[in-house]
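Working through the structure, step by step
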Amino acid sequence: MNAQNKVIFKGTRNGVSILFDADAPFDTLCEQLTQKVEEAGKFFDDVKTPLTFSGREFTEEEEKKLLEIITSKTTMRITFLRTSDDSVKNLSDLITQDMKDFNFTKYHRGSLRNGQVLEFDGSIVILGDVNAGAEVRATGNIIVLGQLRGIAHAGCKGMKEAFLAAAYMAPVQLRIADIITRFPEENKHGHKMAEYAFVQDGQIFVMALA
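The following paragraphs examine the structure supplied in this document. Note that this is a predicted model, so its numbers are computed, not measured. (Residues numbered from 1 in each chain as written. Predicted model: local features only at pLDDT ≥ 70, side-chain atom pairs only at ≥ 80, totals over all residues. Heavy atoms only, no water.)

Some thoughts on the pairing of strand β12 (residues 164-169)
Burial of β12 is extensive: 5 of the 6 residues sit out of reach of the surface. Two strands pair when backbone bridges link them, and strand β10 (residues 142-148) and β12 are joined in this way by 5 bridges, in the parallel orientation. Across the sheet, I143 pairs through a bridge with A165, a residue of β12. (Buried < 20%, exposed > 50% of the residue type's maximum accessible area, 1.4 Å probe, protein only. Helix = DSSP H or I, 4+ residues; strand = E, 2+ residues; numbered from the N terminus. Pairing = 2+ DSSP bridges.)

Listed below in C-alpha cells is the structure:
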C-alpha cells in the first residue's frame, strides 16, 4: 500500500470490509481511518451492516479504539465485527459513543481443555465444552453450547445482572460477580439438560431452560 492507502474500505456482499496495512504503525492507521471516515461524510450514517477488519491482527484494546473512531464519526449500526483471526464479536444493534464492555461478545470455537483459561471484557459464547480444569471469566454473560465442567465466572467485575447458561451444567465452581456456588456431586451425573444461572436476592439460582 502507498502512504495514502494504509486503510482501504471495500463494500462486499457480506457487509463492509476495512483492509489495514500490515506494517503501518497503529497511530498511522488511526489517523487514516479518522480521515477516511470524515471524508465519507454521511455515507455510513444509519447503515446497518456487518464489519470486517482484515490485513492484520489487533489486540482487543486496538479493536475498541478503531470502533470508537468509527462510531464517534458516524451513526453506522454495526451488527457484528469479524476480525482477521476469524473470530466474531457480536455488538448491540446500535453502538453509541460511550460503549460499555458488556456490549461486546466473543465467540470461541472449540472446547477448553484442562489448564486453559479464557477471559474477555464482555460476554463469551463457547461453541464447545469447558472441561474440568479449564476456566472461563467474562465481565458479561457466559453461554456454553456444550458441557460446562470447569470453573465459570460471569460478571467478574461486579455485574450481578450477568447470567450463565450451558447445554449441560456441572461446573466445579460457578460464580456471578462476587457470589459463588458449587454444584452437588449428584448433579454431575444426572440427565443432560440445558440450564441457566442468575442472581436473585443475593443468591445464585439455577433453572432449566424451557
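Section: the environment of T181
Positionally, T181 belongs in strand β14 (residues 179-181). Remark: the alpha-carbon pair of T181 and Q203, spanning 22 residues in sequence, is separated by 8.5 Å.

Digging into the pattern of salt bridges
In the structure shown here, the tally under the stated rule is 6 salt bridges. K6 is the salt-bridge partner of D21, the closest N and O atoms lying 3.9 Å from each other. One end of the pair, D21, is in the loop between β2 (15-20) and α1 (26-39); the other, K6, is in the segment before β1 (7-12), with 15 residues separating them in the sequence. The salt bridge partner of E119 is R137, with a shortest N-O separation of 3.2 Å. With E119 in strand β7 (residues 117-120) and R137 in strand β9 (residues 135-138), this pair connects stretches of sequence that are 18 residues apart. For E119, a relative accessible area of 47% corresponds to the partly exposed category. The class for R137 is partly exposed, based on a relative accessible area of 23%. The network of salt bridges with shared partners includes E119, E135 and R137. (Salt bridge = Lys/Arg side-chain N within 4 Å of Asp/Glu carboxyl O.)

Quick look at the sheet that holds β7
Strand order in this open sheet of 5 strands is β7-β9-β11-β13-β14, and the pairing throughout is mixed. This sheet does not close on itself; its edge strands, each paired only once, are β7 and β14. Within this sheet the neighbouring strands show an average axis-to-axis angle of 10°, counted without direction. Both strand β13 (residues 173-176) and β14 contribute to a ladder of 3 bridges, which runs antiparallel. Note that in β14 the partner of L174 across the bridge is T181. (Axes fitted to C-alpha atoms, helices over the stretch in contact; angles between N-to-C directions.)

Some words on the pairing of β9
Because side chains alternate across β9, one face comprises the buried residues V136 and A138, and the other comprises E135 and R137, none of which is buried. Pairing of β9 with strand β11 (residues 151-154), which is carried by 3 bridges, proceeds in the parallel orientation. Bridge pairing in β11 links V136 to A152.

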